[in-house]
Amino acid sequence: MDENRMSQNDTCIYDGEDTKFKIDYESNTYNIYQFLNNHPGGVNYVKPYESKDVAQSMRRYDHSKAAYYLLKEYQQGGRKKDEDDLERLVDWNKPMLSQVGKLGTKYSEWVISPVDRRLRLFDSDLLEYLTITPWYVVPMIWIPIIIYLAVIGTKKYIHITKGRFGL
Ligand code: HEM
């Protein structure tokens, strides 16, 4: 493999032989299988384009620069690293937090150029662990707080309105 290309396995969250949804864009082929369900326009817009060229349709829907940048992530054989200066600004295998401060004026362009790969934010395993919250933690914390505040509020209301309204 060309050493200027990242292998798809390095960059993909999902991989596997049977997980393919190929499209063409300007004579390159892309496997966008892992992106299908995340497409902001919905999966149904993209589904009819399996094995077809999407260039015209993408232009018709006025996709942003970020969308075309993201598309390269799914290029067959991996993204060409030497094509994008933005790719070389950080070491993707190291935590991001310590690196973004050094991006300087490039930061604003880099931060809105989406990629679809595993990366970590913090050096510390504990902090990294805290960056991902399973959905059930949110009701676990907030439901007791809501119940507590509702009980306190009701008690106060009963106390304040005691003797009024003929109660
Ligand atoms: C030909 C097939 C495609 C069609 C018909 C299509 C259609 C659309 C539509 C209608 C929206 C607007 C959603 C909204 O604003 O509510 C959208 C947004 C978007 N699409 Fe697609 N899309 C296609 C392929 C792709 C591909 C291949 C990618 C990249 C891998 C992509 C990335 C995006 C992104 C990032 C957005 C958010 C808006 C933006 O940044 O432009 N789309 N698409």
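Residues numbered from 1 in each chain as written. Predicted model: local features only at pLDDT ≥ 70, side-chain atom pairs only at ≥ 80, totals over all residues. Heavy atoms only, no water.

*Asks:* How do you make sense of the overall build of the chain when you look at a structure like this?
*Replies:* Each helix and strand counted, the chain has eight helices and two strands in total. The helix and strand sequence of the chain, counted from the amino end, reads α-β-β-α-α-α-α-α-α-α. With 167 residues in all, the chain has 26% of them scored as buried. Restricting the contact set of the chain to residue pairs at least 6 apart, pairs at least 24 apart contribute 60%. (Helix = DSSP H or I, 4+ residues; strand = E, 2+ residues; numbered from the N terminus. Buried < 20%, exposed > 50% of the residue type's maximum accessible area, 1.4 Å probe, protein only. Contact = heavy atoms within 4.5 Å.)

*Asks:* Hey, could you run me through the coordination of the iron atom of the ligand in this one?
*Replies:* The textbook angles at a metal center are 109.5 degrees for a tetrahedron of four donors and 90 or 180 degrees for an octahedron of six. Donor atoms from the polypeptide that coordinate the iron atom of the ligand comprise H39 (NE2) and H63 (NE2), at 2.0 Å from the metal. Classification of H39 as buried rests on a relative accessible area of 15%. Among the residues examined, H63 registers a relative accessible area of 27% and is labelled partly exposed. (Donors = N, O, S within 2.8 Å, 3.2 Å for Na, K, Ca; no water.)

*Asks:* Please clarify how the nonpolar core should be interpreted in this entry.
*Replies:* General note: in soluble globular proteins, nonpolar side chains tend to be found buried as a group. Counting residues in hydrophobic clusters, the biggest one holds 15 residues, and the most contacted among them are F21, I23, Y25, Y30, I32, L71 and Y74. Elements supplying a minimum of two residues to this core: strand 1 (22-25), helix 3 (55-60) and helix 4 (65-72). Per element, the largest residue contribution to this core is three residues, and it comes from helix 4. Beyond its immediate stretch of four places on either side in the chain, Y25 contacts Y30, D53, V54, A55, R59, Y68 and L71. (Core = buried A, V, L, I, M, F, W, Y, C linked by side-chain atoms within 4.5 Å.)

*Asks:* I tried to follow helix 4 on my own but got confused; where do I start?
*Replies:* The periodicity of an α-helix, 3.6 residues per turn, causes residues three or four positions apart to be oriented the same way. All of the buried residues along helix 4 are Y68, Y69, L70 and L71. Looking at the packing, one finds that the buried side of helix 4 touches strand 1, strand 2 (28-31) and helix 3.

*Asks:* Looking at this structure, how should I read the site of the ligand?
*Replies:* Lining the immediate surroundings of the ligand are 16 residues, of which H39, P40, Y61, H63 and S64 lie closest. When atoms are counted within 2 Å of each cavity's grid points, the one that captures over half of the ligand is the largest pocket. (Near = heavy atom within 4 Å. 1 Å grid on protein atoms, 1.4 Å probe; cavity = no way out; pocket = protein on both sides within 12 Å on 5 of 7 lines; lining within 4 Å. Sits in = over half its atoms within 2 Å of the grid points.)

*Asks:* Which parts of the structure should I look at to understand unusual backbone geometry?
*Replies:* Most peptide bonds adopt trans geometry, and most residues besides glycine take a negative phi value. Positive phi, normally seen in glycine, also occurs at S27, with a value near 60°. Within the fold, S27 resides in the loop between strand 1 and strand 2. On the basis of relative accessibility, which here comes to 76%, the residue S27 falls in the exposed class. Backbone geometry places D62, a non-glycine residue, at a positive phi of 55°. Structurally, the position occupied by D62 is in the loop between helix 3 and helix 4.

*Asks:* Sorry if this is basic, but what is going on with the layout of surface pockets here?
*Replies:* Rolled over the atoms, a probe as big as a water molecule pinpoints where empty space is left. Here the largest pocket is characterised by a volume of approximately 450 Å³. For the lining of the largest pocket, the secondary-structure elements that each account for two or more residues are helix 2 (43-46), helix 3 and helix 4. Split into classes, the residues belonging to the lining of the largest pocket amount to 16 nonpolar, five polar and no charged. (Points joined across faces, edges and corners; volume = space filled by probe spheres on them. Nonpolar A, V, L, I, M, F, W, Y, C, P; charged D, E, K, R; others polar.)

Geometry only, nothing functional implied.
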